[in-house]
Amino acid sequence: MAKMRAVQVSRPGGPLEIVERDVPEPGPGNVRIKVQACGICHSDSLTLMGEFPGQQYPRVPGHEVAGVIDAVGAGVAGWKLGQRVGVGWNGGYCGYCEQCRRGNFFACQTATRVTGITHDGGYADYLIAAPSALAAIPDAISAAEAAPLLCAGVTTFNCLRNSGARSGELVAVLGLGGLGHLGVQFAAKMGFRTVAIARGKDKEALARKLGATHFIESSSQDPSAELQKLGGASVILSTVTNAGAMKAAMGGLGVKGTFMIIGVDNTLEVPPIQLITASQSVKGWYSGTSIDSQDTLAFCAQTGVRSMNEIYPLERVAAAYEHMLSGKARFRVVLTTGN
Ligand SMILES: [Zn+2]
Ligand SMILES: [Zn+2]
């Protein structure tokens, strides 16, 4: 039996252990992917800390997986050996439950598969994936470039393209980290007047390089007032995990504006009078399914949007994970396998 490297977690709070495992066989209806790169996402801490309901161990984390189809199980149509593919958070869907039949594949009721959480993910040389979880990777995008686009990328891209903002309108991106640095690029390439809101005057040059036409320094300026001076935002894409920062920007929404939330702080309170009088919305957005990831990758190939990554070999996973957790990564951390 052929062997492979895998990085597993054996218990809640447990370490990332590099172990040798048998290379898994794809059963009927699945494919095996030879992993070339896997991004480290803050959500991987759910697996490490056992915070996802029903988490079972041992588990291999990783839901920003890029590689090549290496074996195809019986009954799989539409995908072939050697094809470059990515897998993200959404690990597939059934296609027959009520929500799937209504087109809400992300809300599938029977196959709640989350890569690296309900089944083994991409911190390994190989993983097994459902065809409904696969996104084709264009030639112009390398595996290491593709990896973060399969979570951070699709989350910001898909949120913005479903936000209701139209070309030429004012769109603000709150936060300039792993999500925000992609959000600013996407917003600019989608043709929005793009405002970056971040802490620290030193971020302005980067924000403008990424395509922002305006920069608001949130510790010395009032983001809401500054956005109102620009006419009010059609959309504010909130990537931060701090309710105070969200509240400080929310007043910058224009009439019928939408505050799109993709970062979590459960203490957030909303201003009902402001929302009512200006017909505004506060809305969350589920990242996306495999076709949304594929659209994200294609858009990046077309427009040149890229994640800025720090690359670590799989063996250095512990250091890489610590670096991600420290908040000092500029901007996404990616493991490569050498495959
Ligand atoms: Zn993620
Ligand atoms: Zn379903």
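Presented here is an overview of the structure given in this document. What you see is a predicted model; the values in this text were computed from it and never measured.

The rules behind these values
- Residues numbered from 1 in each chain as written.
- Chains lettered and ligands numbered in written order.
- Predicted model: local features only at pLDDT ≥ 70, side-chain atom pairs only at ≥ 80, totals over all residues.
- Heavy atoms only, no water.
- 1 Å grid on protein atoms, 1.4 Å probe; cavity = no way out; pocket = protein on both sides within 12 Å on 5 of 7 lines; lining within 4 Å.
- Points joined across faces, edges and corners; volume = space filled by probe spheres on them.
- Helix = DSSP H or I, 4+ residues; strand = E, 2+ residues; numbered from the N terminus.
- Core = buried A, V, L, I, M, F, W, Y, C linked by side-chain atoms within 4.5 Å.
- Buried < 20%, exposed > 50% of the residue type's maximum accessible area, 1.4 Å probe, protein only.
- Phe/Tyr/Trp six-rings, centres within 6.5 Å; stacked < 30°, edge-to-face > 60°.
- Salt bridge = Lys/Arg side-chain N within 4 Å of Asp/Glu carboxyl O.
- Donors = N, O, S within 2.8 Å, 3.2 Å for Na, K, Ca; no water.
- Pairing = 2+ DSSP bridges.
- Right-handed = clockwise from strand over helix to strand, strands pointing away.
- Axes fitted to C-alpha atoms, helices over the stretch in contact; angles between N-to-C directions.
- Contact = heavy atoms within 4.5 Å.
- Parallel < 35°, antiparallel > 145°, perpendicular 65-115°, else oblique.
- Left-handed = near helix turned anticlockwise from the far one by under 90°.
- Nonpolar A, V, L, I, M, F, W, Y, C, P; charged D, E, K, R; others polar.

So, empty space enclosed by the protein
Line of reasoning, step 1. Going through the model one piece at a time under the given rule, you end up with one cavity of 30 Å³ or more.
Line of reasoning, step 2. In this structure, the largest cavity encloses a volume near 50 Å³.
Line of reasoning, step 3. Lining the largest cavity are G88, W89, N90, A133, L150, V154, S287, G288, T289, S290 and S293.
Line of reasoning, step 4. Listing elements by their share of the lining of the largest cavity, those giving two or more residues are helix 3 (143-161) and helix 9 (290-303).

Section: the nonpolar core
Line of reasoning, step 1. Judged by nonpolar contacts, the single largest core of 42 residues is most densely connected at F186 and L297.
Line of reasoning, step 2. Taken together, the elements giving at least two residues each to this core come down to helix 3, strand 8 (170-174), helix 4 (180-189), strand 9 (193-198), helix 5 (204-209), strand 11 (233-238) and helix 9.
Line of reasoning, step 3. With 10 residues, the single largest contributor to this core is helix 3.
Line of reasoning, step 4. Counting 35 residues, the second-largest nonpolar core is a separate cluster that includes C38, I69, Y123 and Y126.

Let's talk about the packing of aromatic side chains
Line of reasoning, step 1. Following the criterion strictly, the structure yields six aromatic pairs and no others.
Line of reasoning, step 2. Ring centres 6.4 Å apart and planes at 70° place the aromatic pair F52 and W89 in the edge-to-face group. One end of the pair, F52, is in the loop between helix 1 (44-49) and strand 4 (65-72); the other, W89, is in the loop between strand 5 (84-87) and helix 2 (98-101), and 37 residues separate them in sequence.
Line of reasoning, step 3. For F52, a relative accessible area of 24% corresponds to the partly exposed category.
Line of reasoning, step 4. For W89, a relative accessible area of 18% translates into the label buried.
Line of reasoning, step 5. Following the ring pairs from residue to residue traces out a cluster consisting of F157, F186 and F299.

Some words on the pattern of salt bridges
Line of reasoning, step 1. Inspection of the entire model under this criterion finds 16 salt bridges.
Line of reasoning, step 2. The salt bridge involving K3 is made with D22; its shortest N-O contact spans 2.6 Å. With K3 in strand 1 (residues 3-8) and D22 in strand 2 (residues 17-22), the pair connects residues that are 19 residues apart, well separated along the chain.
Line of reasoning, step 3. Look at K3 and you get partly exposed, because its relative accessible area is 47%.
Line of reasoning, step 4. Beyond isolated ion pairs, a larger network of salt bridges with shared partners links R5, D125 and E315.

Thoughts on the coordination of the zinc ion (ligand 2)
Line of reasoning, step 1. For the zinc ion (ligand 2), every protein donor is listed as C94 (SG), C97 (SG), C100 (SG) and C108 (SG), and the spread of their distances is 2.3 to 2.4 Å.
Line of reasoning, step 2. C94 sits in the partly exposed class, given a relative accessible area of 23%.
Line of reasoning, step 3. With relative accessibility at 3%, the residue C100 sits in the buried group.

Description of the pairing of strand 14 (residues 309-313)
Line of reasoning, step 1. With five bridges joining them, strand 14 and strand 15 (residues 332-336) adopt parallel strand pairing. Of the residues in strand 15, the one forming a bridge with E310 is V333.
Line of reasoning, step 2. The β-α-β motif built from strand 14, the intervening helix 10 (residues 317-326) and the parallel element strand 15 has right-handed crossover chirality.

Let's talk about unusual backbone geometry
Line of reasoning, step 1. Residue P58 follows Y57 across a cis peptide bond; omega there is -5°.
Line of reasoning, step 2. On the secondary structure map, P58 appears in the loop between helix 1 and strand 4.
Line of reasoning, step 3. A cis amide bond links R330 with the next residue in sequence, F331, at an omega value of 0°.
Line of reasoning, step 4. Considering the arrangement of structural elements, one finds F331 in the loop between helix 10 and strand 15.

Topic: helix 4
Line of reasoning, step 1. The element helix 4 is extensively covered by neighbouring structure, given that eight of its 10 residues are classed as buried.
Line of reasoning, step 2. Looking one or two residues beyond helix 4, the residue adopting positive phi is G191, at roughly 90°.

Quick notes on the sheet that holds strand 13 (residues 281-284)
Line of reasoning, step 1. In spatial order, the strands read 10-9-8-11-12-13; together these six strands make up an open sheet with parallel pairing. Of all strands in the sheet, those with a lone pairing partner are strand 10 (214-217) and strand 13, marking the two edges. Sheet twist, expressed as the average angle between the axes of neighbouring strands with direction ignored, equals 20°.
Line of reasoning, step 2. On the sheet, helix 4 packs against strand 8, strand 9 and strand 11 and is oriented at approximately 170° with respect to strand 8.

Notes on the packing of helix 3 against helix 4
Line of reasoning, step 1. Their axes nearest at 9 Å, the elements helix 3 and helix 4 cross at an angle of 45°. In terms of axis orientation, helix 3 runs oblique to helix 4. In this structure, the crossing between helix 3 and helix 4 has a hand that is right-handed. The segment helix 3 lies against helix 4, with L149, A152, G153, T156, F157 and L160 engaging L182, G183, F186 and A187.
Line of reasoning, step 2. Of the residues in the contact of helix 3 with helix 4, the class split is seven nonpolar, three polar and no charged.

Remarks on the coordination of the zinc ion (ligand 1)
Line of reasoning, step 1. Coordination of the zinc ion (ligand 1) by the protein comes from C41 (SG), H63 (NE2) and C151 (SG), over a distance range of 2.0 to 2.2 Å.
Line of reasoning, step 2. Counting the intervening residues between successive donors of the zinc ion (ligand 1) yields the motif C-x21-H-x87-C. One end of the pair, H63, is in the loop between helix 1 and strand 4; the other, C151, is in helix 3, with 88 residues separating them in the sequence. The pair formed by H63 and C151 is uniform in burial state, with each residue classed as buried.

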